[in-house]
Amino acid sequence: MNETRWPRGLNRVEAATYVGVGKTTFIEKVKSGEFPPAKAVSEGRKIWDREELDMIFMDLPHAE
């Protein structure tokens, strides 16, 4: 199986793709507190911790 390797820190587009939503939905969920906030790497550079996204993803409800 060809496994994609994700870096620990993901930019907004990568983070949205990683959890399976569009970037607009991703940012809405960050603003609402449903998804974790970004980490500040440098001025103007934000990244999301892949492991924090994994924890949030595990807590998402299952579809009926």
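K.L.:
Pulling in residues and values, what's your account of the packing of helix H1 (residues 12–19) against helix H3 (residues 50–59)?
P.N.:
Between H1 and H3, the least distance of the axes is 10 Å, while the angle of their chain directions is 35°. The interaxial crossing formed by H1 with H3 has right-handed handedness. Facing Ala-15, Tyr-18 and Val-19 of H1, the residues of H3 in contact are Arg-50, Leu-53, Asp-54 and Phe-57. Considering only residue class, the contact of H1 with H3 consists of five nonpolar, no polar and two charged.

K.L.:
I'd love a proper account of the environment of Lys-39, names of residues and values included.
P.N.:
Residue position: Lys-39 is located in strand S2 (residues 39–42). A relative accessible area of 41% places Lys-39 in the partly exposed class. Apart from the residues within four sequence positions on either side, Lys-39 is in contact with Arg-45, Lys-46, Ile-47, Asp-49 and Glu-52. A polar side-chain atom of Lys-39 sits 3.5 Å from a polar atom in the side chain of Glu-52.

Rules behind the numbers
Residues numbered from 1 in each chain as written. Predicted model: local features only at pLDDT ≥ 70, side-chain atom pairs only at ≥ 80, totals over all residues. Heavy atoms only, no water. Axes fitted to C-alpha atoms, helices over the stretch in contact; angles between N-to-C directions. Helix = DSSP H or I, 4+ residues; strand = E, 2+ residues; numbered from the N terminus. Left-handed = near helix turned anticlockwise from the far one by under 90°. Contact = heavy atoms within 4.5 Å. Nonpolar A, V, L, I, M, F, W, Y, C, P; charged D, E, K, R; others polar. Buried < 20%, exposed > 50% of the residue type's maximum accessible area, 1.4 Å probe, protein only. Polar contact = N/O pair within 3.5 Å; in protein donor to acceptor, adjacent residues only side chain to side chain.

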